[in-house]
Amino acid sequence: MGTTKHKGFQMVLSVLISIFIWTYVGNVVNRDESGAIRNLPVVFTGVEALEKRGLIITEGLNQTVTLNVTGNRDAFRMLSAETVAITVDVSSVQQPGQYTQAYRISYNFPATVSASSLVVTDQYPLNVTFTVAKLERRSVPVRGAVAGNVAEEYQAGEFSFSPASIEVWGEASIVNQIDYALVTINQENMTETFNAELPYTFISFVGETVDASSLEVDYSLINTTLPIIKLKEVDLSVNLIPGGGITKENMNRFVTCEIVPERIMVSGDEAALESLREISLGDIDLSKILNDETLSFSIPLAPELNNVSGVSEATVKISLSGLTTATIEVDNIELINEPEGYHADSVTTSRQIQIRGTQEAVEQVTKGQIRIVADLKNAAISAGTQTIPVRVYLNNRGDVGVVGEYTIVVSISKQ
């Protein structure tokens, strides 16, 4: 009898526990909850179709929505910006303008959670307003500027960029203001080539900064290189060859040489500049300078160096003083190195030869000390008369010299 009563008590207790669990699950575990889900971002779909029509959304892109939602606790607690999608389809928009459209609400829950119990009781805003404008796409060049400075005795070279141009697209009224993209280097006392990935700003055709926050670009950083090269000021010189009564010993006494410009600024590799002391313009044979004379020379420079001054030609003024010239009739003419099988005779029987030196030395020169020599080694091998350059020798006189260049006429006949 006692055992039967005990079993009956256990059955009643089991029923009571089941009722309690069912009631708890129904009233506590699966109880509906309500609340606001804020800052849900609006996502525009169909943008590709919009761009194919040459249109773009320019205002209203960064909107958010707030939803008041009621529903099953399991589903409600899954609500977040990651599981609730707010989308606006713009694929049907055909023209620029301002549009107001309703948005679609969708849920992205795991398969074990159902969104069917969720009800949106309120939403703000009810619709989304956005602006569509004409789309423009352009390629604009990249330029550079230095906000800092280059160290003394150094120079900045030419900017190079990768890429050299930026593809920019967006609202036509903004894109069409852009003239170029400007990269700015902020470095002080630069002595080495600069290279870095740098941001840029867009500059308008009137030189003002363009607000590009609403635009799209293909590159946000530009690989920028600015060579920094060494500078050096180098003197120009000429090689004065003694002659015409001017010797190495008395040259400073009788000759004044003025070079304009005296020096130029050169840039290049530091090692190449270190050994560069002066730049020689060339030779000047003083025996061929008859009076004061101004000559022009191109300024030669090694390929690895650059003429920063930009002056490509120099003038050299030679001034003579303290010297006397005299003209002597000379008939002592010699022909040497006759062509084989030919005989040569000088048609010219005498030449007036100019000599130069101090007055005392010039007055002592006689024509017997002067001889004219024609070397026929390089003469044309043919019969007839030819004009042949000659050398004039003044024997035993170091302080007097011949000036000028001379020729004679020679007759060549076959033997």
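Anyway, here's the lowdown on the structure attached to this text. (Residues numbered from 1 in each chain as written. Predicted model: local features only at pLDDT ≥ 70, side-chain atom pairs only at ≥ 80, totals over all residues. Heavy atoms only, no water.)

1. Observations regarding the overall build of the protein
The secondary structure content of the protein amounts to seven helices and 32 strands. In terms of C-alpha radius of gyration, the protein reaches 49 Å, well past the compact-globule figure of 22 Å for 415 residues. In terms of overall dimensions, the protein has a C-alpha envelope of 170 × 55 × 45 Å along the principal axes. Buried residues in the protein amount to 35% of all 415 residues. In the protein, the 29 positive side-chain charges and the 49 negative ones have mean positions that sit 9 Å from each other. (Helix = DSSP H or I, 4+ residues; strand = E, 2+ residues; numbered from the N terminus. Rg over C-alpha atoms; globule rule 2.2 N^0.38 Å. Buried < 20%, exposed > 50% of the residue type's maximum accessible area, 1.4 Å probe, protein only. Lys, Arg positive; Asp, Glu negative; His and termini not counted. Charge placed at Lys NZ, Arg CZ, Asp CG, Glu CD.)

2. Some remarks on the pairing of strand E12 (residues 178–185)
Most of E12 is tucked away, with seven of its eight residues classed as buried. Pairing between strand E8 (residues 127–146) and E12: five bridges, direction parallel. Bridging across to E12, Arg143 finds its partner in Leu182. Relative to strand E14 (residues 201–204), E12 runs antiparallel, the two sharing four bridges. When the bridges of E14 are listed, Leu182 appears paired with Thr201. (Pairing = 2+ DSSP bridges.)

3. Things to note about the sheet that holds strand E7 (residues 119–124)
Overall, mixed pairing links the five strands, which are arranged E6-E4-E1-E3-E7 in an open sheet. Edge positions in the sheet fall to strand E6 (104–107) and E7, since each has one partner strand and no second. When strand polarity is set aside, the average angle formed by the axes of neighbouring strands in this sheet is 30°. In terms of strand pairing, strand E1 (residues 32–45) meets strand E4 (residues 84–89) through four bridges, oriented parallel. Bridging across to E4, Thr45 finds its partner in Asp89. (Axes fitted to C-alpha atoms, helices over the stretch in contact; angles between N-to-C directions.)

4. Looking at the sheet that holds strand E30 (residues 384–394)
On the basis of which strands lie adjacent, the open sheet formed by five strands has the order E26-E29-E30-E32-E27 and mixed pairing. The two strands at the open ends of the sheet, each matched to only one other strand, are strand E26 (333–336) and strand E27 (342–346). If you compare each strand with its neighbour and ignore which way they point, the axes differ by 40° on average. One ladder, built from five bridges, connects E27 with strand E32 (residues 406–414); its direction is antiparallel. Following the sheet pairing, Tyr342 is matched in E32 by Lys414.

5. Topic: the packing of aromatic side chains
The full count for this structure, using the stated rule, is five aromatic pairs. For the ring pair Tyr99 and Phe130, a centre distance of 5.9 Å and an interplane angle of 20° mean the geometry is stacked. Here Phe130 lies in strand E8 and Tyr99 lies in strand E5 (residues 97–102), a separation of 31 residues in the sequence. We classify Tyr99 as partly exposed; its relative accessible area is 24%. An aromatic cluster of at least three residues, connected via ring pairs, comprises Phe44, Tyr99 and Phe130. (Phe/Tyr/Trp six-rings, centres within 6.5 Å; stacked < 30°, edge-to-face > 60°.)

6. Brief notes about the pattern of salt bridges
With the rule as written, the count across this model stands at eight salt bridges. Residue Arg73 pairs with Glu33 through a salt bridge whose shortest N-O separation is 2.9 Å. Placement of the pair is Arg73 in helix H3 (residues 73–76) and Glu33 in strand E1, with a sequence separation of 40 residues. Summarising the burial analysis for this pair, Arg73 and Glu33 share the class buried. One salt-bridge network, in which partners are shared between bridges, spans Glu33, Arg73 and Arg77. (Salt bridge = Lys/Arg side-chain N within 4 Å of Asp/Glu carboxyl O.)

7. As for the pairing of strand E28 (residues 351–357)
Bridge analysis of strand E25 (residues 324–330) against E28 gives seven bridges, and the strand direction is antiparallel. Residue pairing for E28: Ala326 is matched across the bridge by Ile355. Pairing of E28 with strand E31 (residues 400–403) involves four bridges; the strand directions are antiparallel. Pairing of Arg356 across the sheet is with Gly401, part of E31.

8. Observations regarding unusual backbone geometry
Along the chain, Tyr124 connects to Pro125 via a cis peptide bond; the corresponding omega equals -5°. Residue placement: Pro125 occurs in the loop between E7 and E8. Omega for the bond connecting Ser162 with Pro163 falls within 30 degrees of zero, at 0°, which places this linkage in the cis form. Along the chain, Pro163 turns up in the loop between strand E10 (160–162) and strand E11 (165–171). Although it is not a glycine, Glu153 sits at a positive phi angle of roughly 70°. When you line up the elements, Glu153 lands in the loop between E8 and strand E9 (154–156).

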